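Observations on chain architecture
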Amino acid sequence: MTQTALVVIDMLNTYEHEDADALVSSVKEALPAIEKLLRRARDSGAPVIYVNDNFGRWRSHHGEILQAALEGRHPELVKSVAPGEDSLFVVKARHSIFFETPLTYLLGQLGVQRLVLCGQVTEQCVLYSALDAHIRHFDVSLAPEAVAHIDAGLADAALRMMERNMSARICSVDAMTFDDSGGPDA
């Protein structure tokens, strides 16, 4: 049986960056779908792994990153998707969730072969993470309504690239499964 993990990308954000205003409205739209994926993953017992930028704060840990996000410009976009006690956390410094992080090792230890990606930004960190997952032979699934973008046109192109070039399974949140039972996207 293939273990599936939910990977939450960069949702702990202070929204104090150049593209924040363009991103915020998309995050607001994606939030209910991300919350639904989090509930589903947790209810099924699937690992939930947060991979988040450290915003150049090299001495920070996940609690400090969460606190900074909750004290940032839009705590309402962070509060409902904050890591739970059972969540795992990996700090990243660049776009990909894999680049110079221990994520590949962690996934191996957990027996994970399939990743459900959600978070931000579709045309940047989500796209690069999907590519890096693909070249590491992980199966990738994602729901378009559970990823936020800065540029809608680039996000649509990124989703098409993930599906076509990286064999990502693109389906609705309602069709997403974590039980590995061979459902529509398994």
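That block above? That's the structure.
Residues numbered from 1 in each chain as written. Predicted model: local features only at pLDDT ≥ 70, side-chain atom pairs only at ≥ 80, totals over all residues. Heavy atoms only, no water.

Some thoughts on the state of the cysteines
Operational definition: Any two cysteine sulfur atoms lying within 2.5 Å of each other are counted as a disulfide. Only protein chains enter the accessibility calculation, which uses a 1.4 Å probe. A residue is then buried if its area is under 20% of the maximum for its type, exposed if over 50%, and partly exposed in between.
Taken as a whole, this structure holds 0 disulfides when the rule is applied. Unpaired in this structure, C118 has its nearest cysteine sulfur neighbour in C171, at a distance of 13 Å. In this structure C125 is not part of a disulfide, and its nearest cysteine sulfur, from C118, lies 13 Å away. Residue class for C125 comes out buried when judged on its relative accessible area of 8%.

Overview of the side chain of R114
Rules: Every helix listed is a DSSP run of H or I at least four residues long, and every strand listed is a run of E at least two residues long, numbered separately from the N terminus. Two N or O atoms count as a polar contact when they lie within 3.5 Å, although within protein this holds only if one can serve as hydrogen donor and the other as acceptor, and sequence-adjacent residues are included solely when both atoms are side-chain atoms.
By the element assignment, R114 lies in strand 4 (residues 112–120). The exposure class assigned to R114 is buried, which follows from its relative accessible area of 3%. One polar contact links the side chain of R114 to the main-chain carbonyl oxygen of T177, over a distance of 3.1 Å.

Topic: the packing of aromatic side chains
How we decide: We call Phe, Tyr and Trp rings a pair once their centres come within 6.5 Å, taking the six-membered ring for Trp, and we label the pair stacked below 30 degrees between planes, edge-to-face above 60, and tilted otherwise.
Applying the stated criterion across every chain yields a total of 1 aromatic pair. With 5.9 Å between their ring centres and 25° between their planes, F98 and F138 make a pair best called stacked. Taken as a pair, F98 in the loop between strand 3 (88–92) and helix 3 (103–110) and F138 in the loop between helix 4 (122–135) and strand 5 (139–148) lie far apart in primary sequence, 40 residues in all. Considered together, F98 and F138 belong to a single accessibility category, that of buried residues.

Describing the sheet that holds strand 1 (residues 3–9)
Applied cut-off: Whether two strands pair depends on DSSP finding at least two bridges between them. Contacts: residue pairs with any heavy atoms within 4.5 Å of one another. Note on geometry: axes are C-alpha line fits, over the in-contact stretch for helices, and angles between N-to-C directions span 0 to 180 degrees.
One open sheet accounts for 6 strands, arranged 3-2-1-4-5-6; its pairing is parallel. Of all strands in the sheet, those with a lone pairing partner are strand 3 and strand 6 (169–170), marking the two edges. Where strand 2 (residues 48–53) meets strand 3, 5 bridges bridge the pair, whose relative direction is parallel. Bridge pairing links V51 to V90 in strand 3. Across the sheet, helix 3 touches strand 1, strand 2, strand 3 and strand 4, and the angle it forms with strand 2 is around 175°. Across the sheet, helix 4 is in contact with strand 1, strand 3, strand 4 and strand 5; its angle to strand 4 comes to roughly 175°.

Examining the pairing of strand 5
Stated formally: Consider the strands pointing away from the viewer: the crossover is right-handed when the path from the first strand over the helix to the second runs clockwise.
With 7 of 10 residues buried, strand 5 is to be regarded as a mostly interior element. Relative to strand 5, strand 4 is paired through 6 bridges, and the arrangement is parallel. Bridged to L117 within strand 5 is L142. Considered for its hand, the β-α-β crossover made up of strand 4, helix 4 and strand 5 is right-handed. Across 2 bridges, strand 5 lies against strand 6 in parallel orientation. Residue pairing in the sheet places L142 in a bridge with I170 of strand 6. The parallel pair strand 5 and strand 6 is bridged by helix 5 (residues 152–165), and the resulting crossover is right-handed.

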